[in-house]
Amino acid sequence: MQIVILKNSAEVAEYGANIFIKQLQNRADSVLGLATGSTPLALYQGLIEASKANKISFKDVTTFNLDEYLGLEGTHPQSYRYFMNEQLFDHIDIDKANTFVPPGDAENPIQACDGYEAKIEAAGGIDIQLLGIGRNGHIGFNEPSSGLMSRTRVKTLTKATIEDNARFFGTDEYQPHLSITMGIGTILDARKVVLLATGENKADAILATVEGALTASCPASALQLHKNAVLVIDEAAASKLSDCEFYKHIESENQKLMARLGF
Ligand SMILES: N[C@@H]1[C@@H](O)[C@H](O)[C@@H](COP(=O)(O)O)O[C@@H]1O
């Protein structure tokens, strides 16, 4: 796992956006895995700006989102489809027919999960998967105890996740307790994984992800198995790691090596 520790959330967003910008500059028809939550918002802003400045185009891009609430239609303001339209798709030159979010309103969600996996496969797999992380170490909606090889499926949300996400719902508004999420195995199949985390409330989850055991109790720890995973985190999210200076030293040595090799 590559660990990049930066000063603050603005730097994290910029670093993350640059990874995606480079990907699109190298391969215009990339398949991107996208995430919701507050953490990727500034990264999406960076992509919108780069697209407006004609540095990148989404014309030939296909996207797959990690997850969706089960029981919400895409027109519901709290649905992740609505979020993605608002925060990214409506501001870039992407063909919405090439943007996929698990169907929260599927009549048969189990079939829909298999269908989602088939679509990812038909697109040739995901080139880069963006991830946030829940306070309990969840990725997508893969809550603790999720199978480390799991595929897209219906998942019940934990009390902690429901509480964390309650801020987006009105007091009398129905908040789903179920979701459709890519599995951990689905995420691990992406050719590159970029996890962003900012703020002190993510420090325990980051500690468990980086230095904890590989365990279903911290779904993000599965990234320890990935060949090309990068964690882009701010000082606050990194604050519980045992030796931040060492991680920073590794990264600066990596940068020097890359520069020497002309990357
Ligand atoms: N399903 C999403 C996750 O994909 C996201 O990583 C997490 C953290 O969100 P935030 O970035 O707002 O902390 O929230 C939700 O539960």
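Residues numbered from 1 in each chain as written. Predicted model: local features only at pLDDT ≥ 70, side-chain atom pairs only at ≥ 80, totals over all residues. Heavy atoms only, no water.

Per an unreviewed UniProt entry, the protein is named Glucosamine-6-phosphate deaminase, and its organism is Shewanella hanedai. Listed under Subunit (unreviewed entry) in UniProt, the entry text for the protein is "Homohexamer." The record held by UniProt for the protein lists under Function (unreviewed entry) the comment "Catalyzes the reversible isomerization-deamination of glucosamine 6-phosphate (GlcN6P) to form fructose 6-phosphate (Fru6P) and ammonium ion." (UniProt positions renumbered as here; feature names shortened; annotations may be inferred.)

Feature annotation in UniProt places "site: Part of the allosteric site" (unreviewed entry) on Ser146, Arg153, Lys155 and Thr156, given in this structure's numbering. Locating Ser146 in the fold gives a position in the loop between β6 (128-131) and β7 (153-156). Not counting the four nearest positions on each side in its chain, Ser146 is found in contact with Arg153, Lys155, Ile184 and Ala216. Taking relative accessible area as the criterion, Arg153 reaches 18% and is therefore assigned buried. What Arg153 contacts, discounting residues up to four positions off in sequence, is Cys113, Asn142, Ser146, Gly147, Ser179, Ile180, Thr181, Met182 and Gly183. At a separation of 2.9 Å, a polar atom in the side chain of Arg153 contacts the side chain of Asn142. (Helix = DSSP H or I, 4+ residues; strand = E, 2+ residues; numbered from the N terminus. Contact = heavy atoms within 4.5 Å. Buried < 20%, exposed > 50% of the residue type's maximum accessible area, 1.4 Å probe, protein only. Polar contact = N/O pair within 3.5 Å; in protein donor to acceptor, adjacent residues only side chain to side chain.)

Before going further, it helps to examine the pattern of salt bridges. Taken as a whole, this structure holds 13 salt bridges when the rule is applied. In this structure, the salt-bridge partner of Asp29 is Arg27, at a minimum N-O distance of 2.9 Å. Among the residues examined, Asp29 registers a relative accessible area of 38% and is labelled partly exposed. Accessibility expressed as a relative area gives 34% for Arg27, which makes it partly exposed. Here Asp164 and Arg135 are joined by a salt bridge, their closest N and O atoms 2.8 Å apart. Here Asp164, found in helix α5 (residues 159-165), pairs with Arg135, found in the loop between β6 and β7; they are 29 residues apart in sequence, far enough to count as distant. Residue Asp164 is classed as partly exposed on the basis of its relative accessible area, which comes to 26%. (Salt bridge = Lys/Arg side-chain N within 4 Å of Asp/Glu carboxyl O.)

Mapped onto this structure's residue numbering, the UniProt feature "domain: Glucosamine/galactosamine-6-phosphate isomerase" (unreviewed entry) falls at residues 10-229. The span residues 10-229 shows a helical share of 33% and a strand share of 15%, and its end C-alpha atoms are spaced 21 Å apart.

Hydrogen bonds along the backbone pair up the strands of a sheet, which may run parallel or antiparallel. Taken together, three strands build an open sheet; the order of strands is β4-β8-β7 and the sheet is antiparallel. The sheet is open, and its two edges are formed by β4 (67-69) and β7, each paired on a single side. The average undirected angle you get between the axes of adjacent strands in this sheet is 30°. Where β4 lies against strand β8 (residues 178-181), three bridges are found, and the strand directions are antiparallel. (Pairing = 2+ DSSP bridges. Axes fitted to C-alpha atoms, helices over the stretch in contact; angles between N-to-C directions.)

Moving on: the packing of helix α1 (residues 9-26) against helix α2 (residues 41-52). Two quantities define a packed helix pair, namely the angle between the axes and the distance from one axis to the other. Between α1 and α2, the least distance of the axes is 8 Å, while the angle of their chain directions is 50°. In terms of orientation, α1 lies oblique with respect to α2. Handedness of the crossing formed by α1 with α2: right-handed. Packed against α1, whose contacting residues are Ala13, Gly16, Ala17, Phe20 and Ile21, the element α2 presents Ala42, Leu43, Gly46, Leu47 and Ala50 at the interface. (Parallel < 35°, antiparallel > 145°, perpendicular 65-115°, else oblique. Left-handed = near helix turned anticlockwise from the far one by under 90°.)

On to the site of the ligand, then. If you check the shell around the ligand, you find 13 residues, and the closest are Ser38, Thr39, Asp67, His138 and Lys202. Between an oxygen atom of the ligand and a side-chain N or O atom of His138, the distance comes to 2.9 Å. Residue Arg167 places a side-chain N or O atom 3.3 Å away from an oxygen atom belonging to the ligand. In the complex, 93% of the free accessible area of the ligand, which totals 390 Å², lies under the protein chains. (Near = heavy atom within 4 Å. Areas by Shrake-Rupley, 256 points an atom, 1.4 Å probe, with all protein chains shown as cover.)

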